[in-house]
Amino acid sequence: MNKILVTGSLGQIGSELANALCERYGKGNVIVTDIRKKTGDDQIADCEHAVLDVTDPTKIADLVKKHDIKTIYHLAALLSAVAEAKPQQAWNVNMNGLYNVLEVAREFGCSVFTPSSIGAFGLSTPHDKTPQDTIQRPNTMYGVTKVAGELLCDYYHKRFNVDTRGVRYPGIISYKTLPGGGTTDYAVEIYYEAIKNKKYTCFLKAGVYLDMMYMPDAINAAINLMEADSAKLIHRNAFNVTAMSIDPELLAASIREHIHGFTIDYKIDPVRQGIADSWPDSMDDSAAREEWGWQPEYNLNKMTQDMLKHLKIKLQK
Ligand code: NAD
Ligand code: SER
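Every chain is numbered independently, its residues counted from 1 as its sequence is written. In the order they appear in the text, chains get letters beginning with A and ligands get numbers beginning with 1. Note on the predicted model: pLDDT of at least 70 is required for a residue's local features to be given, and 80 or more for side-chain atom pairs to be given and counted; whole-chain, interface and lining totals, by contrast, use all residues. Where side-chain values are given, they derive from all heavy atoms of the structure, hydrogens and water being excluded.

1. Observations regarding the pattern of salt bridges
Part 1 of the reasoning: The term salt bridge refers to a side-chain nitrogen of Lys or Arg lying within 4 Å of a carboxyl oxygen of Asp or Glu. Counted under the stated rule, the structure contains 10 salt bridges.
Part 2 of the reasoning: Between Lys70 and Asp68 there is a salt bridge; the shortest N-O distance is 4.0 Å.
Part 3 of the reasoning: Between Asp163 and Arg236 there is a salt bridge, and its shortest N-O distance comes to 2.7 Å. Placement of Asp163 in the loop between α5 (141–160) and β7 (164–165) and of Arg236 in the loop between α7 (215–227) and β12 (239–240) is noted, with a sequence separation of 73 residues between them.
Part 4 of the reasoning: Partly exposed residues are those whose accessible area sits between 20% and 50% of the maximum for their type, while under 20% is buried and over 50% is exposed, using a 1.4 Å probe and protein chains only. Accessibility expressed as a relative area gives 24% for Asp163, which makes it partly exposed.
Part 5 of the reasoning: The class of Arg236 is buried, set by a relative accessible area of 5%. Here a strand is any run of E in DSSP of at least two residues, a helix any run of H or I of at least four, and the numbering for each starts at the N terminus.

2. A closer look at the packing of aromatic side chains
Part 1 of the reasoning: The rule is short: rings of Phe, Tyr and Trp, with Trp giving its six-membered ring, pair when the centres are within 6.5 Å, and they are stacked under 30 degrees, edge-to-face over 60, tilted in between. Under the criterion given, the structure shown has nine aromatic pairs.
Part 2 of the reasoning: Aromatic pair Tyr156 and Phe160: ring centres 5.0 Å apart, planes at 55°, arrangement tilted. Of this pair, Tyr156 and Phe160 both sit in helix α5, four residues apart, which is roughly one turn of the helix.
Part 3 of the reasoning: An angle of 70° between the planes, with centres 4.9 Å apart, marks the rings of Tyr214 and Tyr298 as edge-to-face. Of the two residues, Tyr214 is situated in strand β11 (residues 210–214) and Tyr298 in the loop between α10 (286–292) and α11 (300–316); the sequence distance between them amounts to 84 residues.
Part 4 of the reasoning: Members of the aromatic cluster, each reached through a chain of ring pairs, are Tyr73, Phe113 and Tyr169.
Part 5 of the reasoning: Counted as over-ring charges are cases with an Arg CZ or a Lys NZ within 6 Å of the ring centre that also lie within 35 degrees of the ring normal. The aromatic ring of Tyr298 is capped on one face by Lys302, whose charged end is 4.7 Å from the ring centroid.

3. A closer look at the sheet that holds strand β13 (residues 244–246)
Part 1 of the reasoning: Two strands form a pair only when DSSP identifies at least two bridges running between them. Within the open sheet, the three strands sit side by side as β9-β11-β13. Their pairing is mixed. Because the sheet does not close on itself, it has two edges, and the strands there are β9 (171–173) and β13. Geometrically, the sheet is characterised by an average inter-axis angle of 45° between neighbouring strands, direction not taken into account.
Part 2 of the reasoning: Sheet topology places β9 next to β11; three bridges connect them, and they run parallel. By the bridge assignment, Ile172 is partnered in β11 with Met213. Lines fitted to the C-alpha atoms define the axes, with helices restricted to the stretch that makes contact. Angles between their N-to-C directions range from 0 to 180 degrees.

4. Considering helix α6 (residues 186–197)
Along an α-helix, residues three or four positions apart point the same way, because every turn accommodates 3.6 residues.
Part 1 of the reasoning: Listing the buried residues of α6 in full gives Tyr186, Ala187, Val188, Ile190, Tyr191, Tyr192 and Ala194.
Part 2 of the reasoning: One or two residues past the end of α6 sits Lys198, with phi positive at roughly 55°.

5. Some thoughts on the environment of Asn301
Part 1 of the reasoning: Examined against the element boundaries, Asn301 turns out to sit in helix α11.
Part 2 of the reasoning: Asn301 sits in the partly exposed class, given a relative accessible area of 40%.
Part 3 of the reasoning: Considered as a pair, Asn301 and Lys314 are 13 residues apart in the sequence and their alpha carbons are 20 Å apart.

6. A closer look at helix α9 (residues 270–277)
Part 1 of the reasoning: Regarding α9, the residues found buried are Gln273, Ile275 and Ala276. Along the long axis of α9, the arc covered by the buried residues comes to 160°, so they all point the same way.
Part 2 of the reasoning: Between N or O atoms, a polar contact is any pair within 3.5 Å; within protein, one atom must be a potential hydrogen donor and the other a potential acceptor, and residues adjacent in sequence are included only when both atoms are from side chains. Regarding α9, its N-cap is Asp269, as a side-chain oxygen of that residue lies 3.1 Å from the backbone nitrogen of Val271 further along. Working definition: the arc comes from the directions between the helix axis and the C-beta atoms, pointing outward to the latter.

7. Quick notes on the site of ligand 2
Part 1 of the reasoning: Around ligand 2 sit Leu79, Ser80, Ser117, Tyr142, Gly182, Thr183, Thr184 and Trp279, and those are all the residues in its vicinity.
Part 2 of the reasoning: At 2.7 Å from an oxygen atom of ligand 2 is found a side-chain nitrogen or oxygen belonging to Ser80.
Part 3 of the reasoning: For the area figures, the Shrake-Rupley method with a 1.4 Å probe applies, and any residue is considered shielded solely by the protein chains shown. In isolation ligand 2 offers 230 Å² of accessible surface; the protein chains occlude 93% of this area.
Part 4 of the reasoning: As a working rule, the residues Ala, Val, Leu, Ile, Met, Phe, Trp, Tyr, Cys and Pro are called nonpolar, Asp, Glu, Lys and Arg charged, and the rest polar, with Gly in that last group. Here the residues of the shell around ligand 2 sort into three nonpolar, five polar and no charged. We call a residue near a molecule or strand when any one of its heavy atoms sits within 4 Å of it.

From the geometry alone we can't say anything about function, so treat these as descriptive.
Below, the structure is given as C-alpha cells:
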C-alpha cells in the first residue's frame with residue numbers, strides 16, 4: 001500500500017479527510033501533519049502525527065523520505081477572509097507551501113491532491129452555471145493564490161509528469177471541526193446559532209447565492225478523484241464540483257422546518273460581502289461528472305437534517 005501524507009490535517013476538511021483515509025487505507029498508511037500540534041480537542045484519527053510547516057521544504061522532504069510517501073493530500077492554506085486580512089502570509093503559505101509540496105512530489109514521485117475553490121473566479125466570470133473553462137480574474141489574494149495554484153499544478157503535470165489533481169470546492173458545511181476563516185462560514189455558524197439561540201445574525205446579505213457542499217461529499221470528491229483512471233482526466237487542476245446553490249434565506253428556511261420560530265437577521269461585513277459578490281452563484285460541474293463520475297449525495301434538506309441531528313448531540317456534551 002502506498003503511504004499518504006496529509007498537510008493542514010487539523011483544519012475543517014483535513015480532519016475529516018484524514019479520518020476517511022485511515023478508514024479506507026488503514027491507520028498505518030496515513031501520516032497526518034499540521035503547523036500546530038494535535039490536542040485532545042482535535043477530531044482526528046489516532047494515526048501518526050507530525051508537526052509540519054509547509055513553508056519548510058526540507059521538513060516536507062524528510063517526512064516523505066522517512067515514510068516512503070507516494071500520495072500527498074495538500075490542504076494547508078489560509079482561507080479567503082483570513083487571506084484578505086493577511087495577504088503576505090497568505091501568499092507565503094498558499095503559494096510557497098504548494099510549490100514546496102510539488103517540488104518534493106517531483107523529486108520523490110508522489111501524486112498530489114490540492115483543493116482550489118470557487119474563490120478562483122472573479123467579478124468578470126459568468127456567475128450562473130459558471131463553466132469549467134472560463135475567465136478567472138479574482139480580485140482577492142485567496143483567489144490569486146488559487147488560480148496560480150491551479151496553473152502551477154498543471155505545469156508540474158505537463159512539465160514533470162507529476163500526477164496532480166484538484167477540485168474547486170464550494171463552501172463546505174460540516175459539524176465536526178469549525179471552518180478556518182472563510183466567506184462561506186456563515187453556512188456553518190447558522191446551524192450552531194439555530195440550536196443554541198433560535199436566531200442568527202448573518203454577515204452576508206439575503207439573496208447572495210453561493211455553491212455549497214456537505215462534508216461527506218467533499219471527502220468523496222477528493223478520494224474518488226485521486227482513485228480515478230488517470231487516462232480519463234482531461235482537466236485535472238481543477239474540477240468544478242458542487243452540490244447545491246443556496247442563499248442565507250433558503251438555508252434559514254430549511255432549518256426552520258426543524259426548529260420552529262428560528263429567525264435570521266443581517267449585519268453585513270463589507271469585506272466578506274465583497275468577496276461573495278465576486279464568486280459564482282452556481283457552477284457547472286459536468287466535466288467532473290463526465291471525467292470521473294462525480295455525483296453528490298446530499299441536497300439542502302438532507303444536509304440540514306444530518307447537521308442538526310449531529311450538532312444537537314455535540315452541543316449537549
Ligand atoms: P482550514 O483553515 O480549516 O484548515 C487549514 C489548516 O492548515 C489548519 O489546520 C492550519 O493550522 C493549517 N496551516 C496553516 N498554515 C500552515 C502551514 N504553514 N503549514 C502547515 N499547516 C498550516 O481550511 P480547510 O477549510 O480545511 O481548507 C483546506 C483546503 O481546502 C484549503 O486549500 C482551502 O482553500 C480549500 N477549500 C476549503 C473550502 C471550505 O469551505 N472549507 C472551500 C474551498 C476550498
Ligand atoms: N469556504 C472557502 C472560503 O470561504 C471557499 O474557498 O474561503
